[in-house]
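Fold and geometry: a report
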Amino acid sequence: MDLDHIDLAIVRELQTDGRLTYEALAQRVGLSRPATRARVQRLLEPGTVRVVAVVHPAVRGLTASAHLSIDVHGAAEPVARAIAAMPQAPFVTLTAGRHAIMAELRTPGFDALDRTIEAVRSVPNVAGVDPLISTRHLKDPYLMADDPTVSDLDETDFRILDALEQDGRLPFADLAERVGLSPGATRARTLRLLEGGVVKVLALIRPEVLGLGLLCGFAVRVEGAREPVARELTAWDQVSFLSACVGRAELVGTITAESLGSARATLDAARALPGVRGVESWVHLELVKERYDLGTPAA
């Protein structure tokens, strides 16, 4: 689908707040409400844009995560799809570089993380697994980096989260019917969850639609303090994801770029940063799985 400047403006607004009303969205992009609604529906229906609700991992008790570099015997795709079938793996890609597959794991604690890594090692034709254990997410286009400020969630709150994961733009009146509250009470509860960092509703759009069809992963080895390098990389627009970790590197991230040349320039700039002693990189060839709605536990 070809997007014009108004479509792109709508997408940018929804990437910031996926629950913007059509009235507010229309004012921001300079269209009438009916025209804005029609544009949004045109983007949503073929799946060009998805508006999703992402619940903070800590709310589900998913307190441990890791990035796995995976070597295989033979074809990589069947192995990647077997790993993608694991509920603990929200992100799996086929890659070009030193390793054939990259995967992210999220689990309730490090014991579960260790067991899941062992399960990945046991997948047929996995030749080796090199994990980077995340200690802190510094930048993420989908997930909240800070811990939620709201913690006393009840069963009704979780029903709201479940409903928003199914439809991030569900109107408050429809949401109220699903959770059994009045529209006013439902709105107050939902805003509390949003403002408290429990859930984030945003638009997802395929990078190639925006002319950013290349995803390049990288791992950075640092001499001395990690934080100055992390702050610099986090500020770069080209770096869409960054996590602090322990293992063979101190930082792992993703570059979103329009071309190989652009990705190379960003990697060279990272190598030139003070304190960086090495950068390993790989290209994501095919996104096998990217799904962070892992299911909300019972209250």
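See the structure printed just above.
None of these values were measured; they are calculated from a predicted model.

**Some details on the overall build of the chain**
The secondary structure content of the chain amounts to ten helices and ten strands. Against the compact-globule benchmark of 19 Å for 299 residues, the chain has a radius of gyration of 20 Å, which places it among compact chains. Principal axes of the C-alpha set define a box for the chain whose edges measure 55 × 45 × 40 Å. Here the chain, with 299 residues, has 49% of them falling under the buried criterion. A separation of at least 24 residues holds for 75% of the contacts in the chain among residues at least 6 apart in sequence. Accessible surface, the chain: about 13900 Å² in total, of which carbon and sulfur atoms supply 51%. Distance from the positive charge centre (33 side chains) to the negative charge centre (39 side chains) of the chain: 1 Å.

**With respect to helix α6 (residues 155–166)**
Over its twelve residues, α6 runs 17 Å from end to end, which matches the ideal 16 Å to within 8%, given 1.5 Å per residue. Among all positions in α6, only Thr 156, Asp 157, Phe 158, Ile 160, Leu 161, Ala 163, Leu 164 and Glu 165 are buried. In this fold, the buried residues of α6 make contact with β1 (49–55), α7 (172–179), α8 (183–195) and β6 (199–205). A distance of 3.1 Å separates the backbone nitrogen of Thr 156 from a side-chain oxygen at the start of α6, and that oxygen is part of Asp 154.

**Notes on the packing of aromatic side chains**
Any aromatic ring pair is given by two values, namely how distant the centres are and how the planes are angled relative to each other. If you walk through the whole model with that rule in mind, you get zero aromatic pairs. Sitting above the plane of the Tyr 22 ring, Arg 169 keeps its charged end 4.8 Å from the centroid.

**Some details on the environment of Val 79**
Looking at the secondary structure, you find Val 79 in helix α4 (residues 77–84). With 162 residues separating them in the primary sequence, Val 79 and Phe 241 have C-alpha atoms 25 Å apart. When residues no more than four places from it in sequence are discounted, the contact partners of Val 79 are Val 72, Ile 101, Val 123, Pro 124, Asn 125 and Val 126.

**Some details on the sheet that holds strand β3 (residues 91–96)**
Judged by pairing direction, the barrel is antiparallel, and its eight strands sit side by side in the order β2-β4-β3-β10-β7-β9-β8-β5 before closing back on the first. Neighbour to neighbour, the strand axes of the sheet diverge by 35° on average, direction disregarded. Strand direction decides the pairing type here: strand β7 (residues 214–222) and strand β9 (residues 251–257), joined by seven bridges, are antiparallel. Across the sheet, the residue bridging to Ala 219 is Val 252, located in β9. Across the sheet, helix α10 (residues 260–271) is in contact with β7, β9 and β10 (276–290); its angle to β10 comes to roughly 145°.

**Re the nonpolar core**
Residues Ile 10, Leu 153 and Leu 161 are the most contacted members of the largest nonpolar core, which totals 33 residues. Elements supplying a minimum of two residues to this core: α1 (5–16), α2 (22–29), α3 (33–44), β1, α6, α7 and β6. Ignoring sequence-local partners within four residues, the contact set of Ile 10 consists of Leu 25, Val 29, Arg 39, Val 40 and Leu 43. In this structure, Ile 83, Ala 100, Leu 113 and Val 288 belong to the second largest nonpolar core, which totals 25 residues.

**Re α10**
End to end, α10 covers 16 Å across twelve residues, agreeing with the expected 16 Å (1.5 Å per residue, within 8%). All of the buried residues along α10 are Ser 262, Ala 263, Thr 266, Leu 267 and Ala 270. One side of α10 holds all its buried residues, which, seen down the axis, span an arc of 135°.

**So, the pattern of salt bridges**
The tally for this structure, following the rule as stated, stands at 20 salt bridges. Arg 106 is the salt-bridge partner of Glu 104, the closest N and O atoms lying 3.0 Å from each other. Here Glu 104 falls in the buried class, since its relative accessible area comes to 3%. Looking at Arg 106, the relative accessible area reads 4%, which means it is buried. Residue Glu 118 pairs with Arg 121 through a salt bridge whose shortest N-O separation is 2.5 Å. Of this pair, Glu 118 and Arg 121 both sit in helix α5 (residues 110–121), separated by three residues, roughly a single helical turn. When salt bridges that share partners are traced, they join Asp 152, Asp 154, Asp 157, Arg 189 and Arg 192 into one network.

**Points about the packing of α1 against α3**
It is the contact of α1 with α3, at a shortest axis distance of 11 Å, that shows an interaxial angle of 80°. Accordingly, the angle class assigned to the pair α1 and α3 is roughly perpendicular. From α1, Ile 6, Asp 7, Ile 10 and Val 11 reach across to α3, where they touch Arg 39, Val 40, Arg 42 and Leu 43. Tallied by class, residues from the contact of α1 with α3 come to five nonpolar, no polar and three charged.

Rules behind the numbers
- Residues numbered from 1 in each chain as written.
- Predicted model: local features only at pLDDT ≥ 70, side-chain atom pairs only at ≥ 80, totals over all residues.
- Heavy atoms only, no water.
- Helix = DSSP H or I, 4+ residues; strand = E, 2+ residues; numbered from the N terminus.
- Rg over C-alpha atoms; globule rule 2.2 N^0.38 Å.
- Buried < 20%, exposed > 50% of the residue type's maximum accessible area, 1.4 Å probe, protein only.
- Contact = heavy atoms within 4.5 Å.
- Areas by Shrake-Rupley, 256 points an atom, 1.4 Å probe, with all protein chains shown as cover.
- Lys, Arg positive; Asp, Glu negative; His and termini not counted.
- Charge placed at Lys NZ, Arg CZ, Asp CG, Glu CD.
- Expected span 1.5 Å × (residues − 1).
- Polar contact = N/O pair within 3.5 Å; in protein donor to acceptor, adjacent residues only side chain to side chain.
- Phe/Tyr/Trp six-rings, centres within 6.5 Å; stacked < 30°, edge-to-face > 60°.
- Lys NZ or Arg CZ within 6 Å of the ring centre and 35° of its normal.
- Pairing = 2+ DSSP bridges.
- Axes fitted to C-alpha atoms, helices over the stretch in contact; angles between N-to-C directions.
- Core = buried A, V, L, I, M, F, W, Y, C linked by side-chain atoms within 4.5 Å.
- Arc of directions from axis to C-beta.
- Salt bridge = Lys/Arg side-chain N within 4 Å of Asp/Glu carboxyl O.
- Parallel < 35°, antiparallel > 145°, perpendicular 65-115°, else oblique.
- Nonpolar A, V, L, I, M, F, W, Y, C, P; charged D, E, K, R; others polar.

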